[in-house]
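# Topology and contacts: notes
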Amino acid sequence: MLKNTKNRLSRTLTKRNKIAIAGVGTLGAAALALSAVPGNAQTTTADAPTGKVAYSSEQIKDVKPSVTNQLAAAGVKAQEMSATHKAALAAAKHRAAVAHDKHVAAQAAAKQRAAKAAAAKKAEAARKAEAAASRDAKRVQVKPVAAKTYANNLDGWIREALDIMKKHDIPGTYNGLHKNIMRESSGNPNAINNWDINAQNGVPSIGLLQVIKPTFDAYHVPGTAKSQYDPVANLTAAANYAADRYGSIDNVNSAY
């Protein structure tokens, strides 16, 4: 009869109900064993009678709600985990979007800076070109200075010689040249001495300051004619020689 009862119970209970019944039976047996011990008796495990588990055909009512609650709690936890995962994904996507926006903004700023730099460089080049054009225009507008002219006479020859001597740092004054000219040739550029020792040696003194050929060649001033008869070339060569030997043509007061 007990076997048939178990078979009927197996058909009506689920697997989880069976697990719960086994637990309840064990707890019941333990309770019966403890209640059989007198209050003043010593408790020994060896003397405790072995009780039999009584099985009931009545269906346990509290098992299913408990399991349902556990399943519900597990579902809530899973939902919470899923929500947390979704929130983490959303946060990651947000951070990625922010980083992307920053990168795009940085690239745009870099392009803007490059464009500004290029514009500034172009403007500077245009400014320099305009300044150069302005300078060229001013140079074109400047009137060329007319070359200085000198009279073709003793005064003109002395003044031209003085300007050339100044360029070459040859000392001398108008008066220094003039007094020596008047003593040596009386102002005649073609004057020649054919009787002194120089003439006897084949190198006569020639020109305004009576310069012999070797001296003229040695002290010839660049830019002047290479002729003793040329008045400016004769004066500058003689002044150059006098500066080397006497310090200045102004210091010469006699034949030199």
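The following paragraphs examine the structure supplied in this document. (Residues numbered from 1 in each chain as written. Predicted model: local features only at pLDDT ≥ 70, side-chain atom pairs only at ≥ 80, totals over all residues. Heavy atoms only, no water.)

## Examining the environment of A225
Note on placement: A225 falls in the loop between α7 (213-219) and α8 (231-246). A225 gets classed as partly exposed once you look at its relative accessible area, which sits at 32%. Among residues more than four places away in sequence, those in contact with A225 are F216, H220, D230 and A233. (Helix = DSSP H or I, 4+ residues; strand = E, 2+ residues; numbered from the N terminus. Buried < 20%, exposed > 50% of the residue type's maximum accessible area, 1.4 Å probe, protein only. Contact = heavy atoms within 4.5 Å.)

## Structural notes on the packing of helix α4 (residues 154-167) against α8
Running from N to C, α4 and α8 cross one another at 50°; their axes reach a closest spacing of 9 Å. Considering the angle they form, α4 stands oblique to α8. As α4 packs across α8, the resulting crossing turns out to be right-handed. Within the contact between the two elements, α4 uses W157, I158, E160, A161, I164 and M165 and α8 uses P231, V232, L235, T236 and A239. Of the residues assigned to the contact of α4 with α8, the class counts are nine nonpolar, one polar and one charged. (Axes fitted to C-alpha atoms, helices over the stretch in contact; angles between N-to-C directions. Parallel < 35°, antiparallel > 145°, perpendicular 65-115°, else oblique. Left-handed = near helix turned anticlockwise from the far one by under 90°. Nonpolar A, V, L, I, M, F, W, Y, C, P; charged D, E, K, R; others polar.)

## Focus on the packing of aromatic side chains
Scanning all chains against the criterion turns up two aromatic pairs. Aromatic pair Y219 and Y241: ring centres 5.4 Å apart, planes at 70°, arrangement edge-to-face. Taken together, the residues Y219 in helix α7 and Y241 in helix α8 connect sequence positions 22 residues apart. Among the residues examined, Y241 registers a relative accessible area of 13% and is labelled buried. Within the aromatic cluster, the residues linked to one another by ring pairs are Y219, Y241 and Y256. (Phe/Tyr/Trp six-rings, centres within 6.5 Å; stacked < 30°, edge-to-face > 60°.)

## A few points about α4
The end-to-end C-alpha distance of α4, which contains 14 residues, comes to 20 Å, matching closely the 20 Å that a straight helix rising 1.5 Å per residue would cover. Looking at the buried residues of α4, the elements they touch are α5 (174-184) and α8. The opening residue of α4, the one whose side-chain oxygen lies 3.2 Å from the backbone nitrogen of D155, is N153. Following α4 by one or two positions, D169 has its phi on the positive side, about 55°. (Expected span 1.5 Å × (residues − 1). Polar contact = N/O pair within 3.5 Å; in protein donor to acceptor, adjacent residues only side chain to side chain.)

## Details of the side chain of Q210
Turning to its location among the elements, Q210 is positioned in the loop between β2 (205-206) and α7. The buried category is assigned to Q210, whose relative accessible area is 14%. A distance of 3.2 Å separates the side chain of Q210 from the backbone oxygen of A191, its partner in a polar contact. Discounting chain neighbours no more than four positions away, the residues touching Q210 are E184, S185, A191, I192, N193, S205 and N234.

## Points about unusual backbone geometry
For S186, which is not a glycine, the phi torsion comes out positive at approximately 60°. Topologically, S186 is positioned in the loop between α5 and β1 (192-193). The phi dihedral of Q210 is positive, around 45°, even though this residue is not glycine.

## Thoughts on α5
If you check which residues of α5 are buried, you get G176, L177, N180 and I181. Taken end-on, α5 shows its buried residues confined to a sector of 125°, consistent with a single buried face. For α5, the secondary structure elements touched by its buried residues are α4 and α8. Count one or two residues on from α5 and you reach S186, which has phi positive near 60°. (Arc of directions from axis to C-beta.)

Keep in mind these numbers describe shape, not what the thing actually does.
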